[in-house]
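Architecture and fold: a report
Chain by chain, the residues:
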Protein chains: 2
Amino acid sequence: MENNNLKGQPINILLVEDNEDHAALIKRNFSEHRVANNIHHVFDGEAALDYLFHKGDYSDPAASPKPNVILLDLRLPKIDGLEVLQKIKAVEETNTIPVVVLTTSSAELDMLEAYKENVNSYLVKPVDFRKFSNLMEDLGFYWLMWNRCPV
Amino acid sequence: MENNNLKGQPINILLVEDNEDHAALIKRNFSEHRVANNIHHVFDGEAALDYLFHKGDYSDPAASPKPNVILLDLRLPKIDGLEVLQKIKAVEETNTIPVVVLTTSSAELDMLEAYKENVNSYLVKPVDFRKFSNLMEDLGFYWLMWNRCPV
């Protein structure tokens, strides 16, 4: 299917997820996705910011391309997901990248704080395996095919 | 299908669209949607803000329930879409409502300004009728079924 978004360029997803099982499930779903994509997986909030701002292990910008979408867990080692979100949305360099929070938390307070920090979308991980796969399919399709953002 | 979002409450969509043909197409698609919903349609930016802040024709809050998602055209009479977006995202009363820009403009500058004003998602209306319907289906499903926001 025609890619409405990026005219054949590879689509880059930054996955910020410390849970190995969830990350494996997400990566498997995206590897089978109708839209070709590269997943860059980091395990904590510090690595996410290093990736985005080309620091530490990610000082070579060519090795850490600007993602078209960021999938962000909230409970993360080193730097919390909300703080990562706040830092992404605080500067022009990164605030046009859609950030989708993908968390087990359906707590009203977590949602409120994420929206206050200008999250683009907030998703609760379904416990059911098939539902999780459905969500990955729909979310991938929506953000990779339909949503548009500045290059 | 189970509604992941709202536990059986009616889903309210605020559609801000001055193009009658586009509005009819959007409303028809949502009327056939798998997720039950009420569309509240306003034709200009001033009416959108009146609806959201219970002013003018919309002074009765019961008649203008808080929307679960706002579909916002950019080129609007009276008050421009970007200004509507800016006012929605400026105050706590409304900044947790997802705003999806739905426009004919794929201009980089429009995207940049919308993301700068913290749009949740930016979609370009497909010219092709079938693609437009597919987008409505996917967008409705994503924002009504999967995305979560504070009540």
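Details of the structure are given in the entry above.
Residues numbered from 1 in each chain as written. Chains lettered and ligands numbered in written order. Predicted model: local features only at pLDDT ≥ 70, side-chain atom pairs only at ≥ 80, totals over all residues. Heavy atoms only, no water.

1. Looking at the interface of chain B and chain A
Of the residues lining the interface, 33 residues belong to chain B; the matching set on chain A comes to 33 residues. In this assembly, chain B packs against chain A so that about 3,000 Å² is buried in total across both faces, 55% of it on carbon and sulfur atoms. On the chain B side of the interface with chain A, the three residues burying the most area are B:Tyr115, B:Tyr142 and B:Trp146, jointly 25% of the side's total. Linking chain B with chain A are 0 salt bridges, by the criterion used here. On inspection of chain B and its partner chain A, the count reaches 19 residue pairs in polar contact (both at pLDDT 80 or more). When contributions to the side of chain B that touches chain A are tallied by element, the ones reaching two or more residues are α4 (108–116), β5 (121–124) and α5 (129–146) of chain B. Broken down by element, the residue count for the side of chain B that touches chain A peaks at 9 residues, all from α5(B). (Contact = heavy atoms within 4.5 Å. Buried area = accessible area lost by both parts, 1.4 Å probe. Salt bridge = Lys/Arg side-chain N within 4 Å of Asp/Glu carboxyl O. Polar contact = N/O pair within 3.5 Å; in protein donor to acceptor, adjacent residues only side chain to side chain. Helix = DSSP H or I, 4+ residues; strand = E, 2+ residues; numbered from the N terminus.)

2. Overview of the sheet that holds strand β4 (residues 99–103) of chain B
All names here are of chain B. The sheet built from 5 strands is open, its strands ordered β2-β1-β3-β4-β5 with parallel pairing. Whereas interior strands pair on both sides, the edge strands pair on one side only; in this sheet they are β2 (37–42) and β5. Pairwise comparison of adjacent strand axes, ignoring direction, gives a mean angle of 20° for this sheet. Alignment of strand β1 (residues 11–16) against β2, held across 6 bridges, turns out to be parallel. Opposite Ile13, over in β2, you have Ile39 as the bridge partner. (Pairing = 2+ DSSP bridges. Axes fitted to C-alpha atoms, helices over the stretch in contact; angles between N-to-C directions.)

3. A few points about the pairing of strand β1 (residues 11–16) of chain A
Residues and elements named next belong to chain A. Within β1, 6 of the 6 residues are buried, which leaves it mostly tucked inside the rest of the structure. Neither face of β1 is open: one carries Ile11, Ile13 and Leu15, the other Asn12, Leu14 and Val16, and all of them are buried. This β-α-β element, β1 to helix α1 (residues 20–31) to strand β2 (residues 37–42), shows right-handed connectivity. Pairing analysis gives 4 bridges linking β1 to strand β3 (residues 69–72), with the strands arranged parallel. Residue pairing in the sheet places Val16 in a bridge with Leu72 of β3. (Buried < 20%, exposed > 50% of the residue type's maximum accessible area, 1.4 Å probe, protein only. Right-handed = clockwise from strand over helix to strand, strands pointing away.)

4. Points about the pattern of salt bridges
Inspection of every chain in the model, using the stated rule, returns 12 salt bridges over all chains. Salt-bridge contacts for A:Glu17 lead to A:Lys125; the nearest nitrogen and oxygen are separated by 2.7 Å. Highlighted residues: A:Glu17 in the loop between β1 and α1 and A:Lys125 in the loop between β5 (121–124) and α5 (129–146), separated in sequence by 108 residues. We classify A:Lys125 as buried; its relative accessible area is 7%. The closest approach of N and O atoms between B:Lys78 and B:Glu46, which form a salt bridge, is 3.9 Å. A residue pair is termed long-range when its members are at least 10 positions apart, and B:Lys78 in the loop between β3 (69–72) and α3 (81–90) and B:Glu46 in helix α2 (residues 45–53) qualify at 32 residues. Residue classification places B:Lys78 among the exposed positions, given a relative accessible area of 65%. For B:Glu46, a relative accessible area of 36% gives the class partly exposed.

5. Focus on the sheet that holds strand β4 (residues 99–103) of chain A
Residues and elements named next belong to chain A. Strand order across the open sheet formed by 5 strands is β2-β1-β3-β4-β5, with parallel pairing between neighbours. The two strands at the open ends of the sheet, each matched to only one other strand, are β2 and β5. In this sheet, neighbouring strand axes are inclined to one another by 20° on average, regardless of whether the strands run parallel or antiparallel. Bridge analysis of β4 against β5 gives 4 bridges, and the strand direction is parallel. Directly across from Val101, in β5, lies its bridge partner Tyr122.

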